[in-house]
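# Inside the fold
Here is how the chains run, residue by residue.
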Amino acid sequence: MGEIFETYMNDIGLASHTIRSYLYSEKQFKSRYNAINRKNLRDYKTFLIEHYQPQTVNLRIRGINCYLESQKLEDLKLSSVKYQQKPFVDNIISEADYLFFKNSLKKDNQMLWYFVVRFLTATGVRVSELVKIKVEHVQKGYFDLYSKGGKMRRVYFPISLHREALKWLEETGRDSGYLFLNRSGKPLSMRGVAERLKFHGRKYGLDESVLHPHSFRHRFAKSFLERYNDISLLADLMGHDSIETTRIYLRKTSTEQRELIDKIVDW
């Protein structure tokens, strides 16, 4: 049954890391319950609440709900749990650290990783999307992504990045294939990107907690809103299904809150 579920998720266009997560939900449920019914599903939800953080609970619920959809059992789907979000966003690389990081990589001729950081931060792509960018996309100046249901999202490469990347490709003699390759000439993996970002960041004394790939996607969103306050457009650019997901970027980091308090409160 796991193979059938996996085929269903591939057919609707879910990302590989999402598929793995949802398969885990199916496996976990079936390891505890012999039948799919309302009582067992409610018991599973209770088990999740008792053992996991709310974000993980909702991830597992999304997984089991997707499985129910694949079995035409939508009427049994579970509701997500509500939780209070933090009033700030954290673990986002600052604009100053981003500029220092990319400039340091360029100075040390680490051009592959310079462009990894540039593409993540200048486009807002997820790391799962980054590793799918091809030379042909760079030549066009954009990358079209398709989600489940055939919905398209266009990722634009800003003109300064576009020109610089084209020059890099010309210098390296590349005219086709995946853009980001490892030493063996194979496409970089998501895990490889995450590990090497931390490796290079540590060399320059940067805070390791902000050196994850999603941090640079967050930086794109924060910098975009600081320059052009259109949250609806940002939601489209980032591929969010709901504008509510994007609203978190209107919040300041805890460091920014601290600085504001120190500056404003003088009573």
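Just so you know, these numbers come straight off a predicted model, no measurement behind them.

Our focus in this paragraph is the environment of Glu-136. Mapping Glu-136 onto the fold places it in helix H8 (residues 135–140). Distance from Glu-136 to Asp-175, taken between C-alpha atoms, is 7.3 Å for residues 39 residues apart in sequence.

Let us look at helix H9 (residues 159–172). In this model, H9 (14 residues) spans 20 Å end to end at C-alpha, consistent with the 20 Å of a helix rising 1.5 Å per residue. For H9, the secondary structure elements touched by its buried residues are helix H5 (95–107), helix H6 (111–123) and H8. Two residues or fewer after H9 comes Gly-173, characterised by a positive phi angle close to 70 degrees.

Between its first and last C-alpha, helix H3 (residues 38–51) extends 20 Å over 14 residues, near the 20 Å set by a 1.5 Å rise per residue. Within H3, burial applies to Asn-40, Leu-41, Tyr-44, Lys-45, Phe-47 and Leu-48. Looking down the long axis of H3, one finds its buried residues gathered within 160 degrees of arc, a one-sided arrangement. What points out from H3, more than 90 degrees from its buried face, is the exposed set Lys-39, Arg-42 and Glu-50. Of the surrounding secondary structure, the elements contacted by the buried residues of H3 are helix H2 (16–32) and helix H4 (54–70). Two to three positions downstream of the cap, the backbone nitrogen of Lys-39 sits 3.3 Å from a side-chain oxygen, assigning the N-cap of H3 to Asn-37.

Quick look at the nonpolar core now. Among the nonpolar cores identified, the biggest contains 38 residues, and Phe-101, Phe-115, Val-116, Phe-119, Leu-130, Leu-179 and Val-193 are the most heavily contacted of them. Listing elements by their share of this core, those giving two or more residues are H5, H6, helix H7 (127–130), H8, strand E1 (142–146), H9 and helix H10 (190–203). Excluding residues that lie within four positions of it along the chain, Phe-101 makes contacts with Val-117, Leu-197, His-200, Gly-201, Tyr-204, Leu-206, Leu-211 and Phe-216. In this structure, Ile-19, Tyr-22, Leu-48 and Leu-68 belong to the second largest nonpolar core, which totals 21 residues.

Before going further, it helps to spend a moment on the pairing of strand E2 (residues 152–156). Burial along E2 is one-sided: the residues Arg-153 and Val-155 are buried and none of Met-152, Arg-154 and Tyr-156 is. As defined by bridge partners, E1 adjoins E2 across five bridges and the pair is classed as antiparallel. Paired with Tyr-146 across the bridge in E2 is Met-152.

In this structure, the second largest pocket encloses a volume near 360 Å³. Around the second largest pocket, the lining comprises 17 residues; the ones closest to its centre are Thr-121, Ala-122, Thr-123, Pro-158 and Phe-220. For the lining of the second largest pocket, the secondary structure elements donating two or more residues are H5, H6, E2 and helix H11 (213–227). Examining the composition of the lining of the second largest pocket, we find that five residues originate from one element, H11, more than from any other.

Another aspect to go through is unusual backbone geometry. Where the residue is not glycine, phi is negative for most of them; where a peptide bond is considered, it is trans in most cases. A positive phi is found at Lys-72, a non-glycine position, where the angle reads about 60 degrees. Here Lys-72 shows up in the loop between H4 and H5. By relative accessible area, Lys-72 is classed as exposed at 66%. Even without glycine at this site, Asn-109 takes up a positive phi of about 60 degrees. By secondary structure assignment, the location of Asn-109 is in the loop between H5 and H6. For Asn-109, a relative accessible area of 61% gives the class exposed.

The rules we used
Residues numbered from 1 in each chain as written. Predicted model: local features only at pLDDT ≥ 70, side-chain atom pairs only at ≥ 80, totals over all residues. Heavy atoms only, no water. Helix = DSSP H or I, 4+ residues; strand = E, 2+ residues; numbered from the N terminus. Expected span 1.5 Å × (residues − 1). Contact = heavy atoms within 4.5 Å. Buried < 20%, exposed > 50% of the residue type's maximum accessible area, 1.4 Å probe, protein only. Arc of directions from axis to C-beta. Polar contact = N/O pair within 3.5 Å; in protein donor to acceptor, adjacent residues only side chain to side chain. Core = buried A, V, L, I, M, F, W, Y, C linked by side-chain atoms within 4.5 Å. Pairing = 2+ DSSP bridges. 1 Å grid on protein atoms, 1.4 Å probe; cavity = no way out; pocket = protein on both sides within 12 Å on 5 of 7 lines; lining within 4 Å. Points joined across faces, edges and corners; volume = space filled by probe spheres on them.

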